[in-house]
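# Structural overview for review
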Amino acid sequence: MLKIRDLNVHYGGIHALRGISIDVPENKIVTLIGANGAGKSTTLRSIMGLVKSSSGEVVYNGENILNKRTRDIVSKGIVMVPEGRRVFPNLNVEENLILGAYIRKDKEAIKKDMNFVYELFPRLKERKWQKAGTMSGGEQQMLAVGRALMTKPKLLLMDEPSLGLAPLIVKDIFQIIKEIHKDGVTILLVEQNAKAALEIADYGYVLETGTIVLEGKGKDLLNNDDVQRAYLGEAK
Amino acid sequence: MSKKTKLTLISIIACIGILFILNSTLGSYQLRILNLCGIYVILALSLNLINGFVGLFSLGHAGFMAIGAYTSALLTMPPEAKEMNFFLKPIVPWLANVQLSFPIALFMAGVLAAGAGVLIGAPVLRLKDDYLAIATLGFSEIIRVIFTNTQSITNGALGIKGLPYIGIFNKASEAIWWTWGVAIITIIFMALLINGSYGRAFKAIREDEIAAEAMGINLFKHKLMAFVIGSFFAGIGGALLGHLMGTIDPLMFRFLLTFNIVLIVVLGGIGSITGSVISAVIVTIAMEALRVLDGDMQIGSYIIKGIPGTRMVVFSALLMIVIIFYQRGIMGTNEFTWDWILKRQKKISEPLNKEKVS
């Protein structure tokens, strides 16, 4: 579905991504793990066209979308749940969700999807008229995910959905990711919480200072000694 | 027709009724203030769209108003009046004999200001926050300097005197229908715009640009759109102000004028239409009421010599107090809605019903 080939991104003089290649097959969960500053978020941002990439290819369903405009990429069915949630704090839950469907024009279907999101997150339904900024971190994360689902994505990019959340809520969030995946949405998940991410992922990549140092099936990576030592703190 | 639309129509008709009564009972001084209120409502709403709803800190309002005021003045004045005004250097021939009716000139004032909005907005809206404020402030000063120096078009520093009254019939009593008419149209237009899908996109951009962009919202298009609509109404407001005053000169459109409007918007609540309307009326009336401060004051036998501009100190202090202690202004980002009123009514009538039952 999505093929990244030899992608390079520079921030001024800093070479943030050094020719990475990633495959995201349809109907799979692929995860990208790595420490701070490894280039995980940069990868997602360059897929979305939010940062300019210097060279490489991002092929989505046979079409190169590298450096296309973000709104065109969104309308092709790729949506990002941004890092740190980034809900619109002074707008209420309902408005946030409607904004998620900004590029869609089919009113009936939007209403249906809104009900679907409310079913998925009953908490959001309870807080329909509450300002997003006054909700807890977990609820805001649910809203961010719900907002992204309103775009009716085929490919969902998630940037650290567990960031700053209590362990119990992290568990909920990963449960929801699995549910969304079951509905036929392909997911590219960026995480620092390597264990949780690898447990649900079909395939994983380990990113270090802009290069991919390791890749493999989720379970294999989970049991890999190097990964355990570096990210899971369970060296044998 | 829904209940809310009915209520809106009824209240508009009520407004017209009140205006009619005020127009026939108030003296010319009070009417002038009432007109000024209407004009400041238009100006505050146009600035609030840019500053409050899209979150672009623009300080260029006086520039757009100047463009509007001069456009309308030059388009409505009869050729003889222009000849009398331009005694130092004659007016350019293509402007000398133009005379359009007031509504067309008013519309042209808005269009020209909006055109300037496109020209200045396209490069400047890539900037953010303070940089945008500085750039737009610079634009407004540039307009002022240009108008001071284009003697054969704007009559330079001498200004233009004897602008025709607001309206088509050249009567003073007509003004209120134009000022408040345009104000009501502006209020309705802004309310529809803000509650529609464009309005939501505006607010999303204000709240979080990156998230808005990730939702597929075209940032530049929406920012420019708000900026241009804002400058259109600023141009119209400026034109009405010019005709109400009867005299315009470049010095009138200094930063102080922008400051007044910013003050109204901040006091009313950044991002609230209702707040802007309420605070525009309050501030305009207060500015006149506080004129006492500009004159000589007598405390016992001691007389303090009046310093013109003292009342502005009060407003500056008020602005500081609001910024420090009450940043949300009168309304915050809340709006007056019929739902709110109906809910209130229910709450009040519910206990009464219960009492009756018991």
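Preceding this paragraph is the structure being described.
Residues numbered from 1 in each chain as written. Chains lettered and ligands numbered in written order. Predicted model: local features only at pLDDT ≥ 70, side-chain atom pairs only at ≥ 80, totals over all residues. Heavy atoms only, no water.

### A word on the overall build of chain A
Under the convention used in this document: Each helix corresponds to a stretch of at least 4 residues labelled H or I by DSSP, and each strand to a stretch of at least 2 residues labelled E; elements are numbered beginning at the N terminus. Using C-alpha atoms as the atom set, the radius of gyration is obtained and then compared with a globule rule of 2.2 Å times the number of residues to the power 0.38. Three labels apply to residues, based on accessible area from a 1.4 Å probe with only protein chains included: buried if under 20% of the type maximum, exposed if over 50%, partly exposed otherwise in between. In this description, contact between two residues means that some pair of their heavy atoms is separated by no more than 4.5 Å.
Secondary structure summary: chain A contains ten helices and ten strands in total. In terms of C-alpha radius of gyration, chain A reaches 17 Å, essentially the compact-globule figure of 18 Å for 236 residues. Counting only C-alpha atoms and orienting by the principal axes, one finds that chain A spans roughly 45 × 40 × 30 Å. Residues counted as buried form 53% of the 236 residues belonging to chain A. Here the contacts in chain A between residues at least 6 apart in sequence split such that 64% fall between residues at least 24 apart.

### Points about the nonpolar core
The line we're drawing: To define a nonpolar core, start from buried Ala, Val, Leu, Ile, Met, Phe, Trp, Tyr and Cys residues and group those joined through side-chain atoms within 4.5 Å.
By size, the foremost hydrophobic cluster in this structure holds 108 residues, and its most contacted members are Leu240 and Phe253 of chain B. Counting residues per element, this core draws most heavily on helix α2 (residues 28-53) of chain B, at 16 residues. In this structure, Phe253 of chain B is in contact with Ala62, Met65, Ala66, Ala69, Tyr70, Arg144 and Ile248 of chain B, ignoring residues within four places of it in sequence. Membership of the second largest hydrophobic core comes to 78 residues, among which are Leu97, Phe121, Ile176 and Val206 of chain A.

### Here we look at the side chain of Asn35 of chain B
Secondary-structure assignment places Asn35 of chain B in helix α2. Once you skip the residues sitting within four places of it in the chain, Asn35 of chain B turns out to touch Ala175, Ile176, Thr179 and Leu244 of chain B.

### Concerning a nonpolar patch on the surface
Residue and element names in this part refer to chain B. Stated formally: Here, patches come from residues exposed beyond 30% relative accessible area and free of salt bridges, joined within 9 Å for like charges and within 5 Å for nonpolar side chains (Val, Leu, Ile, Met, Phe, Trp, Tyr). Computed with the Shrake-Rupley method and a 1.4 Å probe, the accessible areas treat only the protein chains shown as cover for residues. In what follows, salt bridge is the name for a side-chain nitrogen of Lys or Arg lying within 4 Å of a carboxyl oxygen of Asp or Glu.
There is a patch of nonpolar side chains on the surface, built from Leu100, Ile104, Phe107, Met108, Val111 and Leu112 and spanning about 480 Å² of accessible area. Tracing the chain through its elements places Ile104 in helix α6 (residues 102-124). Under the relative-accessibility criterion, Ile104 is labelled partly exposed at 47%.

### Thoughts on the sheet that holds strand β9 (residues 203-208) of chain A
Residue and element names in this part refer to chain A. Here is the rule: Whether two strands pair depends on DSSP finding at least two bridges between them. All axes here are fitted lines through C-alpha atoms, helices being fitted over the stretch that makes contact, and every angle between N-to-C directions spans 0 to 180 degrees.
Spatial ordering of the open sheet is given by β6-β7-β8-β3-β9-β10, a layout of six strands whose pairing is mixed. Each having just a single partner strand, β6 (78-81) and β10 (211-217) make up the two edges of the open sheet. Averaged over all pairs of adjacent strands, the angle between their axes in this sheet comes to 15°, without regard to strand direction. As paired elements, β6 and strand β7 (residues 155-159) share four bridges and run parallel to each other. Each bridged residue has a counterpart across the sheet, and for Val81 the counterpart in β7 is Met158. Where helix α1 (residues 40-48) meets the sheet, it contacts β3 (29-33), β6, β7, β8 (186-191) and β9, and its direction lies at approximately 145° from that of β7. Along the sheet face, helix α6 (residues 137-149) touches β6 and β7 and points at about 170° away from the line of β6.

### Some thoughts on the sheet that holds strand β1 (residues 2-11) of chain A
Residue and element names in this part refer to chain A. Ordered in space as β2-β1-β4-β5, the four strands form an open sheet in which the pairing is antiparallel. Every interior strand has two partners, whereas the edge strands, β2 (14-24) and β5 (63-64), have only one. When β1 meets β2, the two strands line up antiparallel, connected through eight bridges. Among the inter-strand pairings, Asn8 is bridged to a residue of β2, identified as Arg18. Along the sheet, α1 makes contact with β1, β2 and β4 (55-60), crossing β1 at roughly 110°.

### Observations regarding the interface of chain B and chain A
The condition that has to hold: Note: buried area is the sum, over both parts, of the accessible area (probe 1.4 Å) each one loses when the two are combined. For this analysis, a polar contact is any N or O atom pair within 3.5 Å, provided that within protein one partner can donate a hydrogen and the other can accept it, and provided that sequence-adjacent residues contribute only side-chain to side-chain pairs. For this scheme, ten residues count as nonpolar: Ala, Val, Leu, Ile, Met, Phe, Trp, Tyr, Cys and Pro. Four count as charged, namely Asp, Glu, Lys and Arg, and the remainder, Gly too, count as polar.
On the side of chain A, 20 residues touch chain B, which itself brings 19 residues to the contact. In total, about 1900 Å² of surface goes out of reach between chain B and chain A, with carbon and sulfur atoms giving 62% of it. Inspection of the region where chain B meets chain A yields two salt bridges. At the junction of chain B and chain A, the tally comes to three residue pairs in polar contact (both at pLDDT 80 or more). For the side of chain B that touches chain A, the elements supplying multiple residues, two or more each, are α10 (197-207) and α11 (209-214) of chain B. Among the elements that make up the side of chain B that touches chain A, the one with the highest residue count is α10 of chain B (seven residues). Across the side of chain B that touches chain A, the residue classes break down as eight nonpolar, five polar and six charged.

### Considering the packing of helix α3 (residues 61-76) of chain B against helix α13 (residues 255-268) of chain B
Residues and elements named next belong to chain B. Defined as follows: The scheme is simple: roughly parallel for angles under 35 degrees, roughly antiparallel for over 145, roughly perpendicular for 65 to 115, oblique for anything else. When the near helix sits turned anticlockwise from the far one by under a right angle, the crossing is termed left-handed; a clockwise turn instead gives a right-handed crossing.
Running from N to C, α3 and α13 cross one another at 115°; their axes reach a closest spacing of 8 Å. What the angle tells us is that α3 and α13 run roughly perpendicular. For the element pair α3 and α13, the recorded crossing hand is right-handed. Together, His61, Ala62 and Met65 of α3 and Leu257, Thr258 and Ile261 of α13 make up the contact between the two elements. Tallied by class, residues from the contact of α3 with α13 come to four nonpolar, two polar and no charged.

### Digging into helix α15 (residues 310-325) of chain B
Residues and elements named next belong to chain B. Our working definition: To estimate the expected span of a helix, subtract one from its residue number and multiply by 1.5 Å. Here the arc refers to the set of directions running from the helix axis out to each C-beta atom.
Taking 1.5 Å per residue as the helical rise, α15 with its 16 residues ought to reach 22 Å, and the 23 Å between its terminal C-alpha atoms agrees with that figure. Listed as buried for α15 are Arg311, Met312, Phe315, Leu319 and Val322. Buried residues of α15 fall within an arc of 100° about the axis and therefore sit on the same side. Residues of α15 that are exposed and point more than 90 degrees away from the buried face comprise Val313, Met320, Ile324 and Phe325. In this structure, the buried side of α15 is in contact with α13 and α14 (273-289).

### Quick look at the packing of aromatic side chains
Quick reminder of the rule: Between rings of Phe, Tyr and Trp, where Trp is taken as its six-membered ring, a pair exists when centres lie within 6.5 Å; planes separated by under 30 degrees are stacked, by over 60 edge-to-face, and by other angles tilted. Either the NZ atom of lysine or the CZ atom of arginine qualifies as a charge over a ring when it sits within 6 Å of the ring centre and within 35 degrees of the ring normal.
Enumeration over the complete set of coordinates arrives at eleven aromatic pairs over all chains. Each ring, one from Phe102 of chain B and one from Trp178 of chain B, has its centre 5.2 Å from the other, and the planes form 85°; the classification is edge-to-face. Of this pair, Phe102 of chain B sits in helix α6 while Trp178 of chain B is found in helix α9 (residues 175-195), placing the two residues 76 residues apart along the sequence. Comparing Phe102 of chain B with Trp178 of chain B shows no difference in burial state: the two are buried. On the basis of an interplanar angle of 85° and a centroid distance of 5.4 Å, the ring pair of Phe232 of chain B and Phe233 of chain B is categorised as edge-to-face. For Lys105 of chain A, the ring lying beneath its charged end belongs to Tyr102 of chain A, and the centroid distance is 5.8 Å.

### Details of the packing of α2 of chain B against helix α12 (residues 219-245) of chain B
Residue and element names in this part refer to chain B. For the pair α2 and α12, interaxial distance at closest approach is 8 Å and the crossing angle is 165°. Relative to α12, the element α2 is oriented roughly antiparallel. Handedness of the crossing formed by α2 with α12: left-handed. Taken together, the residues that form the contact of α2 with α12 break down as 15 nonpolar, six polar and one charged.

### Some details on the pattern of salt bridges
Residue and element names in this part refer to chain A. Taken as a whole and assessed by the stated rule, the structure comprises 19 salt bridges over all chains. Close ionic contact of Lys40 with Glu160 constitutes a salt bridge, the shortest N to O distance being 3.6 Å. With Lys40 in helix α1 and Glu160 in the loop between β7 and α7 (167-182), this residue pair connects regions lying 120 residues apart in the sequence. In terms of burial, Lys40 and Glu160 fall into one category: buried. Ionic pairing is found between Arg69 and Asp72, a salt bridge with its closest N-O pair at 3.3 Å.

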